[in-house]
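Architecture at a glance
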Amino acid sequence: MPEGPEVETVRRDLEKLVVGSTITAVRATGRRSVRRYGDGPSALAAFESDVTGLRIVGTGRLGKYVWLQVDRGPESGPPGQESPAQESPAQESPAQESPVISALVIHLRMSGQVRWHVPSDELALHTHIVMVLDNGHELRFVDPRTFGEVWRTDDPIRELAHIGPDAVIAATDARTFSAALRARRSPTKAVLLDQGFVAGIGNIYSDEICFAAGVRPTKRANELTKPQAARIATHTQAVLTNAIERRGSSLKDRQYVDLLGEGGLASAAHHVYDRLGQPCLICGTSIERTKIAGRSSYFCRKCQR
Ligand SMILES: [Zn+2]
């Protein structure tokens, strides 16, 4: 399941490959992938007409959500500038400090993939959306498990307001991050997994962060010492940054690959995740597994206290 580093890799690919192009045609065949447009057969056509003609002007990401910043072409003006006709007092709520940017949001969830193809490439099984670009390529949304989705919104920042700050950014302020962590009573791993606390950490990286920090993932966050909480902050940044540099983790199931279908190399750096019974790379003790917040969690009994 893609986490922040995998989604950031997708964003970087999108930034490089599709910014500046226009979506000239859309073929949507997977109703689950466009369920924000309704649950009837008209959802597919509604999505197609909403997205056709959009010009891609940038990219964005928050946690596990990635989006394309879009507008309707040269006559609609730069994103963030509303025409006077659209302005109304109701839109000027105090919460809305960021400029309004229309966005095509992609949430990969369990198994969603964004793939970059030429039109003659064979359609992969479970391709639910094809977006034809004016640069001779297609963006395809492939999703075997169909939990993922794609939709356009006029304000991704507001729509994702329930999501916490992105983990990489939040952890740079170690003092605030560790204080917020120590205010929680759940197991440390469960707090890291809580997308309302910080966004972008999933099952793999929460285990790796706890290991790197020398903290038992079951330890309640309010029982962490100040140095332990500070180490969680430091290693949240280090583990995620390192994984982004390695273009994410692709596991045996290959549920995550980049736009060109290539896997990431971060799995080779895993110390505990999915290493049950194997020797700890630091001390040789067998890696153990337990359940936290319903998720399999791996740790070294000796290195993590
Ligand atoms: Zn160990």
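Each remark here, short or long, concerns the structure printed above.
Quick summary incoming for the structure in this document. Being a predicted model, the structure only gives us computed values, none of them experimental. (Residues numbered from 1 in each chain as written. Predicted model: local features only at pLDDT ≥ 70, side-chain atom pairs only at ≥ 80, totals over all residues. Heavy atoms only, no water.)

The end-to-end C-alpha distance of helix α1 (residues 4-17) is 20 Å, a good match for the 20 Å that 14 residues give at a rise of 1.5 Å each. The element α1 is largely enclosed, with a buried count of 10 among its 14 residues. Buried within α1 we find Gly4, Pro5, Glu6, Val7, Glu8, Thr9, Val10, Arg11, Asp13 and Leu14. Elements in contact with the buried residues of α1: β2 (55-62), β3 (65-71), β5 (113-117), β7 (138-142), α7 (203-213) and α8 (226-245). (Helix = DSSP H or I, 4+ residues; strand = E, 2+ residues; numbered from the N terminus. Expected span 1.5 Å × (residues − 1). Buried < 20%, exposed > 50% of the residue type's maximum accessible area, 1.4 Å probe, protein only. Contact = heavy atoms within 4.5 Å.)

In this section: the coordination of the zinc ion. Note on the zinc ion: its protein donors are Cys280 (SG), Cys283 (SG), Cys300 (SG) and Cys303 (SG). The metal-donor distances range over 2.3 to 2.4 Å. Because the angles between the 4 donor atoms bound to the zinc ion fall within 99 to 114 degrees, the donor set is best described as tetrahedral. Considered as a linear motif, the donors of the zinc ion on their single chain read C-x2-C-x16-C-x2-C. Here the residue Cys283 occupies a position in the loop between α8 and β9 (288-292), and Cys303 occupies one in the segment after β10 (295-299), the gap between them amounting to 20 residues. (Donors = N, O, S within 2.8 Å, 3.2 Å for Na, K, Ca; no water. Tetrahedral: all angles 85-135°; square planar, octahedral: opposite > 155°, others 65-115°.)

Before going further, it helps to examine the packing of aromatic side chains. A full pass over the atoms with the stated rule returns 4 aromatic pairs. Judged by centre distance (6.5 Å) and plane angle (90 degrees), the rings of Tyr65 and Trp151 are edge-to-face. Taken together, the positions of Tyr65 in strand β3 and Trp151 in strand β8 (residues 149-153) put the pair 86 residues apart, joining distant regions of the chain. Note on accessibility: Tyr65 and Trp151 belong to one class, buried. Ring geometry for Tyr273 versus Tyr298: centroids 5.6 Å apart, planes at 75 degrees, classification edge-to-face. Highlighted residues: Tyr273 in the loop between α8 and β9 and Tyr298 in strand β10, separated in sequence by 25 residues. Tyr298 shares its class with Tyr273; the two are buried. Lying over the aromatic face of Trp151, Arg36 brings its terminal NZ or CZ to 3.6 Å of the ring centre. (Phe/Tyr/Trp six-rings, centres within 6.5 Å; stacked < 30°, edge-to-face > 60°. Lys NZ or Arg CZ within 6 Å of the ring centre and 35° of its normal.)

On to unusual backbone geometry, then. Most peptide bonds are trans, and most residues other than glycine sit at a negative phi. Within the chain, Arg109 stands out as a residue other than glycine whose phi angle is a positive 50 degrees. Take Arg109: its relative accessible area is 31%, and that puts it in the partly exposed class. Despite not being glycine, Asp274 has its phi angle at roughly 60 degrees, a positive value. In this fold, Asp274 is placed in the loop between α8 and β9. Exposure remark for Asp274: the relative accessible area of 39% places this residue in the partly exposed category.

Time to look at the nonpolar core. Counting 40 residues, the largest nonpolar core has Leu14, Ile23, Phe47, Leu104, Ile129 and Leu139 as its most contacted members. Among the elements that line this core, the one with the most residues is β3, at 5 residues. Membership of the second largest hydrophobic core comes to 34 residues, among which are Ala167, Val191, Cys210 and Cys280. (Core = buried A, V, L, I, M, F, W, Y, C linked by side-chain atoms within 4.5 Å.)

What follows covers the sheet that holds β8. Pairing is antiparallel in the open sheet, where 4 strands are placed in the order β2-β3-β4-β8. The sheet is open, and its two edges are formed by β2 and β8, each paired on a single side. The average undirected angle you get between the axes of adjacent strands in this sheet is 20 degrees. Across the sheet, α1 is in contact with β2 and β3; its angle to β2 comes to roughly 165 degrees. (Pairing = 2+ DSSP bridges. Axes fitted to C-alpha atoms, helices over the stretch in contact; angles between N-to-C directions.)

This paragraph deals with the side chain of Ser102. If you trace the backbone, Ser102 turns up in the loop between β3 and β4 (103-107). Note on Ser102: relative accessible area 16%, which makes it buried. In terms of polar contacts, Ser102 uses its side chain to reach the backbone carbonyl oxygen of Thr153, at 3.5 Å. (Polar contact = N/O pair within 3.5 Å; in protein donor to acceptor, adjacent residues only side chain to side chain.)

Attention now moves to the pattern of salt bridges. With the rule as written, the count across this model stands at 20 salt bridges. Taking the shortest distance from any N to any O, the salt bridge between Arg152 and Asp50 comes out at 2.9 Å. Taken together, the positions of Arg152 in strand β8 and Asp50 in helix α2 (residues 42-51) put the pair 102 residues apart, joining distant regions of the chain. Between Asp207 and Lys189 there is a salt bridge, and its shortest N-O distance comes to 2.7 Å. (Salt bridge = Lys/Arg side-chain N within 4 Å of Asp/Glu carboxyl O.)

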